[in-house]
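Take a look at the letters that make up each chain.
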Amino acid sequence: APLNTVYINPASGTVRTGNNVLAISENLVIQSGTFRPRGNLADANYANGVAVIEVNAGATLNLNGGNVTGDGTLGTKFNDIQISGTVIASAANSLSTENISMSSTGRLNVNFVGVNQTEGWWYQTASPSSIIFDELSSVTYSGTAAQNVYGAIYGNLTLSSSAKTLVGGSLEIQGNLIANNG
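We now turn to the structure provided with this report.

Thresholds, definitions, all that
Residues numbered from 1 in each chain as written. Predicted model: local features only at pLDDT ≥ 70, side-chain atom pairs only at ≥ 80, totals over all residues. Heavy atoms only, no water. Helix = DSSP H or I, 4+ residues; strand = E, 2+ residues; numbered from the N terminus. Contact = heavy atoms within 4.5 Å. Core = buried A, V, L, I, M, F, W, Y, C linked by side-chain atoms within 4.5 Å. Buried < 20%, exposed > 50% of the residue type's maximum accessible area, 1.4 Å probe, protein only. Salt bridge = Lys/Arg side-chain N within 4 Å of Asp/Glu carboxyl O. Phe/Tyr/Trp six-rings, centres within 6.5 Å; stacked < 30°, edge-to-face > 60°. Pairing = 2+ DSSP bridges.

Considering the environment of glycine 155
Part 1 of the argument: Following the sequence through the fold, glycine 155 ends up in the loop between β15 (153–154) and β16 (156–159).
Part 2 of the argument: Sequence spacing of glycine 155 and valine 167 is twelve residues, and the spatial spacing of their C-alpha atoms is 18 Å.
Part 3 of the argument: In contact with glycine 155, other than residues within four places in its own chain, are Phe133, Asp134, Glu135, Ser137, Ile173, Gln174, Gly175 and Asn176.

Overview of the nonpolar core
Part 1 of the argument: Grouped together as the largest cluster of nonpolar side chains are 36 residues, with contacts concentrated most on Leu61, Trp121, Tyr141 and Tyr154.
Part 2 of the argument: Looking at which element gives the most residues to this core, the answer is strand β3 (residues 22–30), with four residues.

Observations concerning the pattern of salt bridges
Part 1 of the argument: Scanning the entire structure with this criterion turns up one salt bridge.
Part 2 of the argument: Glutamate 98 is the salt-bridge partner of lysine 77, the closest N and O atoms lying 3.2 Å from each other. Placement of lysine 77 in the loop between β7 (60–63) and β8 (78–83) and of glutamate 98 in strand β10 (residues 97–102) is noted, with a sequence separation of 21 residues between them.
Part 3 of the argument: Overall, the relative accessible area of 26% leaves glutamate 98 in the partly exposed class.

Brief notes about the side chain of aspartate 80
Part 1 of the argument: Among the structural elements, aspartate 80 can be located in strand β8.
Part 2 of the argument: Excluding residues that lie within four positions of it along the chain, aspartate 80 makes contacts with Ala51, Val52, Ile53, Asn99 and Ile100.

Regarding the packing of aromatic side chains
Each aromatic ring pair is summarised here by two numbers: the centre-to-centre distance and the angle between the ring planes.
Part 1 of the argument: This structure, assessed with the given rule, holds five aromatic pairs.
Part 2 of the argument: With centroids separated by 5.8 Å and ring planes inclined at 50°, the aromatic side chains of tryptophan 121 and phenylalanine 133 adopt a geometry described as tilted. Residue tryptophan 121 is found in the loop between β11 (107–110) and β12 (130–133), and its partner phenylalanine 133 is found in strand β12; the two are separated by twelve residues along the sequence.
Part 3 of the argument: For tryptophan 121, a relative accessible area of 0% translates into the label buried.
Part 4 of the argument: Judged by centre distance (5.8 Å) and plane angle (40°), the ring pair of phenylalanine 133 and tyrosine 154 falls under tilted. Placement of phenylalanine 133 in strand β12 and of tyrosine 154 in strand β15 is noted, with a sequence separation of 21 residues between them.

A few points about the pairing of β16
Part 1 of the argument: Where burial is concerned, the two faces of β16 agree: the one with Asn156 and Thr158 and the one with Leu157 and Leu159 are both buried.
Part 2 of the argument: In terms of strand pairing, strand β13 (residues 138–141) meets β16 through four bridges, oriented parallel. Residue pairing for β16: valine 139 is matched across the bridge by leucine 157.
Part 3 of the argument: With three bridges joining them, β16 and strand β19 (residues 177–179) adopt parallel strand pairing. When the sheet's bridge partners are listed, leucine 159 is paired in β19 with alanine 179.

This is how it looks when you write it as structure tokens:
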């Protein structure tokens, strides 16, 4: 059965889940520490689009073993993610949401690479309908293989570690652009 509202608040350390899909019907709130799902996070009300993931300032969602999806399968989109803390998408894991927003303290680290990383931090063409990044937020594309950078309005943007290709439109940076090989 799906979980209604889940709060992750370990104060410090990491909370991990098993390899099964974790279905959320309303809210997943990561208040502190690090949450590292090993299975996919799914929107239990996928058809209605109501579930929200909130990553509070000082907290981390580390997608190293699991993906954020709509119905638990790749290519579907979770309704909404609001980032005030840090979200890390590892080399093999994607963040597919209908809506994404980041506050001034939000950080998104995109290490997702490979044939399924066709546009940005999501799986293949499951791009968000709405992207709202505060001008002080930061997105880092740091995959160790070639990556596609989605054309959007970013706060601060860092491109590092490998070749990058702009896809999906124009690029606007409200803060700093940092490009390096390290």
